[in-house]
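Observations on chain architecture
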Amino acid sequence: MTRTGWQNFHQRWSRLKPPQRPHPQTVATFSHALKGKCDHALLLGVTPELTDLATELTALDGSENMIAHIWPGDTQTRRAVLGNWLAMPFNGPRFSAVLGDGSLNTLAYSDYPALFAQLRAVLLPGARLALRIFTTPDACESLKTLQDQTFSGAVESFHGFKWRLAMSLVTENGNPNLAVTQLHAVFEREFPDRAALAQATGWPKEDIDGIDAYAHNDSVYSFPTAREIMAAIPQDFSNARLISSGNYELAERCPILVADFGS
């Protein structure tokens, strides 16, 4: 996500729930995946749930507001650094692991190679990569099917609905990238009566209104398929696999990509 996109994101952070934030099952899976690789981890973003998974942790985030309002604070073992994932402010290899929650999704798919190039420059040989990724299924539901499921009560929360809508749109577009203004525009067109939506689903209107954060946002997200994810991984990140992150809402579309660098 661009700096503009994150400017006010912190204001609605407290309302986010899984799958948009890590479930405790997800945190436990990260911990297991990183076992033996936790000397000094790089966290892409400032996700609070992931800040205690390494002996030493450095978080890199491009938003001053996210660091100021979401980061739980620097300590002797963790710190947050303002910077760009595609131009990391570090000199040479230093990290034994890199982790992130939805981090790849906040980049355009075409930026994945640039991110991996940056990681290649800062990871130690044998470092472990663990990234939870919101992944579009090969047989993704259509927008019409999602509408029917929503009003029949088959969609648990607005947080899960929002990513299902995004995945329907990238499937319809035939492109893993999605301008978030399109997400907002399609929602406005297809679900114009928010009061009726709240009544039919039981979703808090405050959660539904969170979609307005995308109305004038210049961000481009990506929701790749598993095949597209695996195709983007460089050869020097070996033993790449997608593992389950739990059994919470939409967990089947939120695997953790695990790979080893230079080994």
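Just so we're clear, the structure is a prediction, and the values are computed from it rather than from any experiment.

Moving on, we come to helix α7 (residues 180-190). Side chains that are three or four residues apart share a direction in an α-helix, a result of its 3.6 residues per turn. Of all the positions in α7, only V180, L183, H184, V186 and F187 are classed as buried. Along the axis of α7, the buried positions cluster into a sector of 170°, meaning they face one direction only. The secondary structure elements touched by the buried residues of α7 are α5 (143-151), α6 (158-173), β6 (177-179), α8 (194-201), α9 (205-208) and β7 (220-222).

Right, let's get into the packing of α6 against α7. Where α6 contacts α7, the axes come no closer than 10 Å and their chain directions differ by 105°. Judged by the angle between their axes, α6 and α7 are roughly perpendicular. Taking contact as the criterion, the partners of F158, F161, K162, L165, A166, L169 and N173 in α6 are, on α7, Q182, L183, V186 and F187. Classifying every residue of the contact of α6 with α7 by side-chain character gives 8 nonpolar, 2 polar and 1 charged.

In the structure shown here, the tally under the stated rule is 17 aromatic pairs. Ring centres of W163 and Y221 lie 6.0 Å apart, and the angle between their planes is 75°; this geometry places the pair in the edge-to-face category. With W163 in helix α6 and Y221 in strand β7, this residue pair connects regions lying 58 residues apart in the sequence. Accessibility expressed as a relative area gives 5% for Y221, which makes it buried. Every member of this aromatic cluster is reached through a ring pair, and the members are F151, F158, F161, F187, F191 and W203. Its guanidinium or amino end placed over the ring of W71, R78 lies 5.8 Å from that ring's centre, counting from NZ or CZ.

So, about the pairing of strand β3 (residues 78-82). Strand direction decides the pairing type here: strand β2 (residues 57-61) and β3, joined by 5 bridges, are parallel. Counted as the bridge partner of T58 is R79 from β3.

In this section: the nonpolar core. Counting 31 residues, the largest nonpolar core has F161, W163, L165, L183, F187 and F223 as the members making the most contacts within it. Sorting the residues of this core by element identifies α5, α6, α7 and α8 as the ones contributing at least two each. Per element, the largest residue contribution to this core is 8 residues, and it comes from α6. Discounting chain neighbours no more than four positions away, the residues touching F161 are L146, T150, V155, F187, F191, W203 and E249. Counting residues in each nonpolar core, the second largest holds 28 residues, with L42, L60, V81 and I233 among its members.

Take the environment of L107 next. If you trace the backbone, L107 turns up in the loop between β4 (95-101) and α4 (112-122). Look at L107 and you get buried, because its relative accessible area is 9%. As a C-alpha pair, L107 and L86 span 21 residues in sequence and 9.8 Å in three-dimensional space.

So, about the confidence of the model for the chain. Mean pLDDT for the chain: 94, with 95% of residues reaching 70 or above. In this model residues 1-7 is a low-confidence stretch, pLDDT under 50, and it forms 17 contacts with partners more than four residues away in sequence or in other chains.

What describes two packed helices is the angle between their axes and the distance between those same axes. The interhelical angle for the contact between α5 and α6, taken along N-to-C directions, is 160°, at an axis separation of 9 Å. Relative to α6, α5 is oriented roughly antiparallel. Relative to α6, α5 is oriented so that their crossing is right-handed. Between α5 and α6, the residues in contact are L143, L146, Q149 and T150 and F161, R164, L165 and S168, respectively. Looking at the contact of α5 with α6 residue by residue, the class counts come to 4 nonpolar, 3 polar and 1 charged.

How each quantity is defined
Residues numbered from 1 in each chain as written. Predicted model: local features only at pLDDT ≥ 70, side-chain atom pairs only at ≥ 80, totals over all residues. Heavy atoms only, no water. Buried < 20%, exposed > 50% of the residue type's maximum accessible area, 1.4 Å probe, protein only. Helix = DSSP H or I, 4+ residues; strand = E, 2+ residues; numbered from the N terminus. Arc of directions from axis to C-beta. Contact = heavy atoms within 4.5 Å. Axes fitted to C-alpha atoms, helices over the stretch in contact; angles between N-to-C directions. Parallel < 35°, antiparallel > 145°, perpendicular 65-115°, else oblique. Nonpolar A, V, L, I, M, F, W, Y, C, P; charged D, E, K, R; others polar. Phe/Tyr/Trp six-rings, centres within 6.5 Å; stacked < 30°, edge-to-face > 60°. Lys NZ or Arg CZ within 6 Å of the ring centre and 35° of its normal. Pairing = 2+ DSSP bridges. Core = buried A, V, L, I, M, F, W, Y, C linked by side-chain atoms within 4.5 Å. pLDDT = per-residue confidence, 0-100. Left-handed = near helix turned anticlockwise from the far one by under 90°.

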